[in-house]
Amino acid sequence: LAFSMRRKIETAIKAGMRAADLTHRLLAFARRQALMPKLTEINELIRSMVPLLQRPLGPKIATTFILDPNTCAAEIDRSQLEMALLNLTLNARDAMPEGGSLTISTGNATTTQKQALTGNGQPAGDYVVISVADTGTGMSDEIKARAFDPFFTTKGVGKGTGLGLSMVYGFVKQSGGHVK
């Protein structure tokens, strides 16, 4: 009886933790989570994450980091940016089952007033750009159109929640940025 009760309690705790994680991700998508932005050296953050980002990729995926030394610091929630980069890396891995290459790069960009008026709604100003590119299978136009939708996934049952990219999208938008 004690073993059965212990197992039920452990299952309930795990379910509660999954529910808390799901709530956190939904809040990220809805852009209502509490962020703690601090001035962050983006290149330094990425360098510190290299082992964490490379670990899940395995030996078939080559990684390249092109970190522009002139990349500005940004007011950003460091832990949320780390989660976003990890999510993007895992998605890249899943898009390259036979191997390939992943490139993470940084730089600065300026959106002019003219671009702001005719572009994607991003206000004019100076921005830090983080690019995560892979040589994976790519996305059809239909998948691209839904990629940031919560719970949308191309992965099989039990292989993903469909919240990784929506969390990235919500975090970036809440931080005043843009995702492409």
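Residues numbered from 1 in each chain as written. Predicted model: local features only at pLDDT ≥ 70, side-chain atom pairs only at ≥ 80, totals over all residues. Heavy atoms only, no water.

1. Some details on the nonpolar core
Logical step 1: Counting 22 residues, the largest nonpolar core has Ile42, Leu45, Ile46, Leu81, Leu85, Leu102 and Phe171 as its most contacted members.
Logical step 2: Of all elements in the fold, only α2 (42-54), β2 (61-67), β3 (74-76), α3 (78-94), β4 (100-111) and α6 (164-174) reach the threshold of two or more residues within this core.
Logical step 3: Element by element, the count of residues in this core is highest for α2, at 5 residues.
Logical step 4: What Leu81 contacts, discounting residues up to four positions off in sequence, is Ile42, Leu45, Ile76, Ile130 and Phe171. (Core = buried A, V, L, I, M, F, W, Y, C linked by side-chain atoms within 4.5 Å. Buried < 20%, exposed > 50% of the residue type's maximum accessible area, 1.4 Å probe, protein only. Helix = DSSP H or I, 4+ residues; strand = E, 2+ residues; numbered from the N terminus. Contact = heavy atoms within 4.5 Å.)

2. As for α2
Logical step 1: Given a rise of 1.5 Å per residue, 13 residues ought to cover 18 Å, and the 18 Å separating the end C-alpha atoms of α2 matches this to within 8%.
Logical step 2: When the local axis directions of α2 are compared, the greatest deviation, roughly 40°, occurs at Ser48, which is followed within four positions by the proline Pro51.
Logical step 3: Among all positions in α2, only Ile42, Asn43, Leu45, Ile46, Met49, Val50 and Leu53 are buried.
Logical step 4: Lining the buried residues of α2 we find β1 (38-40), β2, β3, α3, β4 and β5 (125-134). (Expected span 1.5 Å × (residues − 1). Bend = angle between axes of the 7 residues up to and from the residue.)

3. Some details on the pattern of salt bridges
Proximity of charged atoms lets side chains of opposite charge pair with each other.
Logical step 1: Scanning the model with the defined rule gives 2 salt bridges in all.
Logical step 2: Note that Glu82 and Arg78 form a salt bridge whose closest N and O atoms lie 3.5 Å from each other. Of this pair, Glu82 and Arg78 both sit in helix α3, 4 residues apart, roughly one helical turn.
Logical step 3: Its salt-bridge partner being Arg93, residue Asp94 comes within 3.0 Å of it at the nearest N-O pair.
Logical step 4: According to the relative accessible area criterion, Asp94 is partly exposed, its value standing at 34%.
Logical step 5: The exposure class assigned to Arg93 is partly exposed, which follows from its relative accessible area of 29%. (Salt bridge = Lys/Arg side-chain N within 4 Å of Asp/Glu carboxyl O.)

4. Focus on the packing of α3 against α6
Logical step 1: Where α3 contacts α6, the two axes come as close as 9 Å, and the packing angle between them is 145°. Once α3 is placed against α6, the crossing between them reads as left-handed. Of the residues in α6, those in contact with Gln80, Leu81, Met83, Ala84, Asn87, Leu88 and Asn91 of α3 are Gly164, Leu165, Met167, Val168 and Phe171.
Logical step 2: Tallied by class, the residues present in the contact of α3 with α6 amount to 8 nonpolar, 4 polar and no charged. (Axes fitted to C-alpha atoms, helices over the stretch in contact; angles between N-to-C directions. Left-handed = near helix turned anticlockwise from the far one by under 90°. Nonpolar A, V, L, I, M, F, W, Y, C, P; charged D, E, K, R; others polar.)

5. Overview of the environment of Thr63
Logical step 1: Position of Thr63 among the secondary structure elements: in strand β2.
Logical step 2: Residue class for Thr63 comes out partly exposed when judged on its relative accessible area of 23%.
Logical step 3: Distance from Thr63 to Ser101, taken between C-alpha atoms, is 5.7 Å for residues 38 residues apart in sequence.
Logical step 4: Only 2.5 Å separates the side chain of Thr63 from the side chain of Gln54, close enough to count as a polar contact. (Polar contact = N/O pair within 3.5 Å; in protein donor to acceptor, adjacent residues only side chain to side chain.)

6. Regarding a nonpolar patch on the surface
Logical step 1: A cluster of nonpolar residues, Met5, Ile9, Ile13 and Met17, forms a patch on the protein surface that exposes about 420 Å² of accessible area.
Logical step 2: Tracing the sequence through the fold places Met5 in helix α1 (residues 2-29).
Logical step 3: Among the residues examined, Met5 registers a relative accessible area of 48% and is labelled partly exposed. (Patch = residues over 30% accessible without salt bridge, like charges linked within 9 Å, V, L, I, M, F, W, Y side chains within 5 Å. Areas by Shrake-Rupley, 256 points an atom, 1.4 Å probe, with all protein chains shown as cover.)

7. A few points about the sheet that holds β2
Logical step 1: If you trace the 3 strands from one edge of the open sheet to the other, you get β2-β4-β5, paired in mixed fashion. One side of each edge strand has no neighbouring strand; the edge strands of this open sheet are β2 and β5. Recorded for the sheet is a direction-independent mean angle of 15° between the axes of neighbouring strands.
Logical step 2: With 7 bridges connecting them, β2 and β4 associate as parallel partners. If you follow Ala62 over to β4, its bridge partner there is Ser101.
Logical step 3: Contacts from α2 reach β2, β4 and β5 within the one sheet, and its direction differs from that of β2 by about 170°.
Logical step 4: Lying over the sheet, α3 contacts β2, β4 and β5, oriented at roughly 30° with respect to β5. (Pairing = 2+ DSSP bridges.)

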